[in-house]
Amino acid sequence: SGTSFPTLQRKNKASMRGMLRALLLAIGLFWLHDSTPFTGSAQIGRLQKLALRSEPEKAADGLRVTVEMEGILLEDGKVFRSMGEEPLSFICGENEILPHVEQAVLGMVVGETREVTYGEDNPMYGPWLEDRLIKISLDKIPPGTEEGAQLIVEPGMPPIIVKEILQDGAIVDANHPMAGKATTITVTLRGLKEVAASERLVVETVDAGD
């Protein structure tokens, strides 16, 4: 029995060394597997999810943008919109804003500022059209209205301008007050995000008889 204890001790030491080697090997294999970049389907799936969650980089059709804008009339330097006003928010490509504003924003990144001038040959508020000079009866305008007055016909719509008051009526200009005028706008892109399908305008073309 005197020699059995050292033998048992050696066996226990050998067993412990074997267990330790196995543990270190397992740790090494786990580290190697975990540090191998994107080798499994689960890792590829995680990469795809990260790609889907990435934010868009530039303003483009189908994205909602938030924009600060300043507008100046070139003929007299009058500021018709300032940067301090509430930002504009619209979806590019959905005709929610003047085409010239949307055109100025496309391709911008968040934080970028761009200045664009639209001359009289390409006015931001459209051309001035003579056929929008309309004669109306005097009972259609408030008593005491003077030439040059601006009248609100419908809330949210541009006013009409009284150009001339006659004996039997009044000539009003239904063009936008800034129609045909050259302008410079300065836009700063403040926000950019994807749009849920429920927010998108979907137009269906239906053939006659459907």
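Conventions we followed
Residues numbered from 1 in each chain as written. Predicted model: local features only at pLDDT ≥ 70, side-chain atom pairs only at ≥ 80, totals over all residues. Heavy atoms only, no water. Helix = DSSP H or I, 4+ residues; strand = E, 2+ residues; numbered from the N terminus. Buried < 20%, exposed > 50% of the residue type's maximum accessible area, 1.4 Å probe, protein only. Contact = heavy atoms within 4.5 Å. Areas by Shrake-Rupley, 256 points an atom, 1.4 Å probe, with all protein chains shown as cover. Core = buried A, V, L, I, M, F, W, Y, C linked by side-chain atoms within 4.5 Å. Pairing = 2+ DSSP bridges. Phe/Tyr/Trp six-rings, centres within 6.5 Å; stacked < 30°, edge-to-face > 60°. pLDDT = per-residue confidence, 0-100.

**A word on the overall build of the protein chain**
For step 1, the next point in the chain: Counting its regular elements, the protein chain contains three helices and nine strands.
For step 2, the next point in the chain: Counting from the amino terminus, helix and strand elements in the protein chain follow one another as α-α-β-β-β-α-β-β-β-β-β-β.
For step 3, the next point in the chain: Taken across its 210 residues, the protein chain has 26% of its residues classed as buried.
For step 4, the next point in the chain: Once local pairs closer than 6 in sequence are excluded, the contacts in the protein chain between residues at least 24 apart make up 64%.
For step 5, the next point in the chain: In the form shown here, the protein chain has an accessible surface area of approximately 14,900 Å², with 56% of it arising from carbon and sulfur atoms.

**Re the nonpolar core**
For step 1, the next point in the chain: In this structure, Val65, Val67, Phe90, Val105, Ile185, Val187 and Leu189 are the most contacted members of the largest nonpolar core, which totals 19 residues.
For step 2, the next point in the chain: For this core, the secondary structure elements donating two or more residues are strand 1 (64-73), strand 3 (88-91), helix 3 (99-105), strand 4 (113-118) and strand 9 (183-193).
For step 3, the next point in the chain: The biggest single contributor to this core is strand 9, with four residues.
For step 4, the next point in the chain: Every residue in contact with Val67, bar those within four places of it in the chain, is listed here: Pro87, Leu88, Phe90, Val105, Val187, Thr188 and Leu189.
For step 5, the next point in the chain: Formed by six residues, the second largest nonpolar core is a distinct cluster that contains Ile141, Ile160, Val162 and Ala170.

**Some thoughts on the environment of Leu74**
For step 1, the next point in the chain: Residue position: Leu74 is located in the loop between strand 1 and strand 2 (79-81).
For step 2, the next point in the chain: In sequence terms Leu74 and Thr184 are 110 residues apart; their C-alpha atoms lie 6.9 Å from each other.

**Quick look at the sheet that holds strand 5 (residues 133-136)**
For step 1, the next point in the chain: Within the open sheet, the four strands sit side by side as 5-8-7-6. Their pairing is antiparallel. Two strands close off the open sheet at either side, each with one partner strand: strand 5 and strand 6 (150-151).
For step 2, the next point in the chain: Pairing between strand 6 and strand 7 (residues 160-165): two bridges, direction antiparallel. Considered in strand 7, the bridge of Leu151 is made with Ile160.

**Quick notes on the packing of aromatic side chains**
To describe a pair of aromatic rings, one takes the distance between the centres and the angle between the planes.
For step 1, the next point in the chain: In the structure shown here, the tally under the stated rule is one aromatic pair.
For step 2, the next point in the chain: Aromatic side chains Phe80 and Tyr125 sit 6.1 Å apart centroid to centroid with 80° between the ring planes, which places their arrangement in the edge-to-face category. Of the two residues, Phe80 sits in strand 2 while Tyr125 sits in the loop between strand 4 and strand 5, which places them 45 residues apart along the sequence.
For step 3, the next point in the chain: Note on Phe80: relative accessible area 21%, which makes it partly exposed.

**Re the pairing of strand 9**
For step 1, the next point in the chain: With respect to burial, strand 9 is a largely interior element, nine of its eleven residues being buried.
For step 2, the next point in the chain: Across ten bridges, the pairing between strand 1 and strand 9 is antiparallel. If you follow Val67 over to strand 9, its bridge partner there is Leu189.
For step 3, the next point in the chain: Sheet topology places strand 4 next to strand 9; six bridges connect them, and they run antiparallel. Residue pairing across strands places Val116 opposite Ile185, the latter belonging to strand 9.

**What to know about unusual backbone geometry**
For step 1, the next point in the chain: Its identity is not glycine, yet Asn95 carries a phi of approximately 55°, on the positive side.
For step 2, the next point in the chain: Summarising the element assignment, Asn95 is placed in the loop between strand 3 and helix 3.
For step 3, the next point in the chain: Note on Asn95: relative accessible area 70%, which makes it exposed.

**A closer look at the confidence of the model for the protein chain**
For step 1, the next point in the chain: For the protein chain, per-residue confidence averages 81 on the pLDDT scale, and 68% of positions sit at 70 or higher.
For step 2, the next point in the chain: Within the protein chain, the element-level pLDDT minimum falls on helix 1 (residues 4-35), averaging 51, and the maximum on strand 4, averaging 98.
For step 3, the next point in the chain: A low-confidence stretch, residues 1-9 stays under pLDDT 50, and its non-local contacts, those more than four residues away or across chains, total zero contacts.
For step 4, the next point in the chain: Contacts from residues 29-36, a stretch scored under 50 in pLDDT, to residues over four places away or in other chains number two contacts.

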